[in-house]
Amino acid sequence: MLKIRHLRKNYNSFSLECSLEVMPGCVTGLIGRNGAGKSTTFKAVLGLVSIDSGMVNIFGKDINNFNASDKQGLGVVLSDSGFSGYLTINDIIPVLKNLYNEFDQEFFMEHLQKFQLPCNKKIKEFSTGMKAKLKVLVAVSHNARLLILDEPTAGLDVIARDELLGLLREFMEKDESRSILISSHISSDLESLCDDIYMIDNGKIIMHEDTDVLLSNYALIKVNEGQYGKLDRQYILRVKKENYGYSCLTNQRQYYIDNYPQITVEKGSIDEVISMMAKGEAL
């Protein structure tokens, strides 16, 4: 569905080097700290910034050869994009009908009512949550094959996030060949939605793992100096010095539970994995 190979983009103070793939029927997450390169990756994929080298392929076609017809298959939400605040939803409906050949107005209107989005109110008067719902609703209302969503739930409360995630699940359930690439700094969103996750730090992909594996096999091992000296480190990915000794990240949780019953092995959350992969030292 989407393939990125050795994509490079250099700025004065930042360099992006990225390879990732989104398979048909899958929801793929891209996570990382602010400034890690998530938004730059999305803009490069969409041709909004020029790249220095590498390849971006969508629907089996090089992005440089994409035409207006090809773009019909994309639904896009960028963190810094949106509609003019002086328009109303009634103003943008004719635009959407002309822009997308398969715009589903009935679906769109049904979900406007569900999300309580007023059609006659200027968008600049919408709350942050209302604006986010509108952007995602537009992205899923024209039978897109691939959604590219950059921080679509940023700034939303728990209820609004759940509503948007429900809309994305509904989008995937309607057609098993559809795919989503989504970035978020809210790990719980990705845990419940994504099939696999890429982690980016300082412009580079530092990890790729199936979400189920990440949640079941990764763990934090807490050990003192003496325990650390006796620890089998062949399955240790990152180590960080702490006041009590060491915190170690592993992707073989059960191995350490079985072989080191005296040490503390804590199931790692995505947030903890991000922190350890970014701040810990590789062995």
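Report follows, based on the coordinates.

About the cut-offs
Residues numbered from 1 in each chain as written. Predicted model: local features only at pLDDT ≥ 70, side-chain atom pairs only at ≥ 80, totals over all residues. Heavy atoms only, no water. Phe/Tyr/Trp six-rings, centres within 6.5 Å; stacked < 30°, edge-to-face > 60°. Buried < 20%, exposed > 50% of the residue type's maximum accessible area, 1.4 Å probe, protein only. Helix = DSSP H or I, 4+ residues; strand = E, 2+ residues; numbered from the N terminus. Lys NZ or Arg CZ within 6 Å of the ring centre and 35° of its normal. Contact = heavy atoms within 4.5 Å. Salt bridge = Lys/Arg side-chain N within 4 Å of Asp/Glu carboxyl O. Arc of directions from axis to C-beta. Polar contact = N/O pair within 3.5 Å; in protein donor to acceptor, adjacent residues only side chain to side chain.

Points about the packing of aromatic side chains
Counting across every chain of the model gives six aromatic pairs. Measuring from ring centre to ring centre gives 6.0 Å for Phe 59 and Phe 66, while their planes differ by 25°; the resulting arrangement is stacked. What makes Phe 66 buried here is its relative accessible area of 12%. Plain terms: the ring middles of Tyr 235 and Tyr 255 are 4.9 Å apart, the flat faces sit at 75° to each other, and that makes the pair edge-to-face. Of this pair, Tyr 235 sits in the loop between helix H9 (225-230) and strand S12 (236-241) while Tyr 255 is found in helix H10 (residues 253-259), placing the two residues 20 residues apart along the sequence. For Tyr 235, a relative accessible area of 28% gives the class partly exposed. Through pairs of rings, three or more aromatic residues link up here, namely Tyr 235, Tyr 255, Tyr 256 and Tyr 260. The positively charged end of Arg 178 is found above the aromatic ring belonging to Phe 171, 4.3 Å away from the centroid. In this arrangement the basic side chain of Arg 233 is found over the ring face of Tyr 228, its NZ or CZ atom lying 4.0 Å from the centre.

Structural notes on the environment of Pro 24
Here Pro 24 shows up in the loop between strand S2 (15-22) and strand S3 (27-31). Along the primary structure Pro 24 and Ile 274 are separated by 250 residues, whereas in three dimensions their C-alpha atoms are 26 Å apart. Each residue touching Pro 24, except ones within four places of it in the same chain, is listed here: Met 1, Glu 176, Ser 177, Arg 178 and Ser 179.

Section: the pattern of salt bridges
By the definition in use, this model includes nine salt bridges. One salt bridge in this structure joins Lys 61 and Asp 70, with 2.7 Å as the shortest N-O distance. Assessed through its relative accessible area of 27%, Lys 61 is described here as partly exposed. The class for Asp 70 is buried, based on a relative accessible area of 18%. Among the salt bridges present, the one from Glu 266 reaches Lys 222, with a minimum N-O distance of 3.3 Å. Of this pair, Glu 266 sits in strand S14 (residues 264-267) while Lys 222 sits in strand S11 (residues 219-223), placing them 44 residues apart in sequence. A relative accessible area of 32% places Glu 266 in the partly exposed class. Taken together, the shared-partner salt bridges connect Arg 8, Glu 17 and Lys 204 into one network.

Describing helix H4 (residues 105-114)
Considered for burial, the residues of H4 that qualify are Phe 107, Phe 108, His 111 and Leu 112. Down the axis of H4, the sector holding all buried residues measures 135°, keeping them to one side. Exposed residues on H4 whose side chains face more than 90 degrees from its buried face are Glu 106 and Gln 113. Residues of H4 that are buried make contact with helix H3 (89-99), helix H5 (128-139) and helix H6 (158-174). Sitting at the head of H4, Asp 104 places a side-chain oxygen 3.3 Å from the backbone nitrogen of Glu 106. Gln 116, located one to two residues past H4, shows a positive phi value of around 60°.

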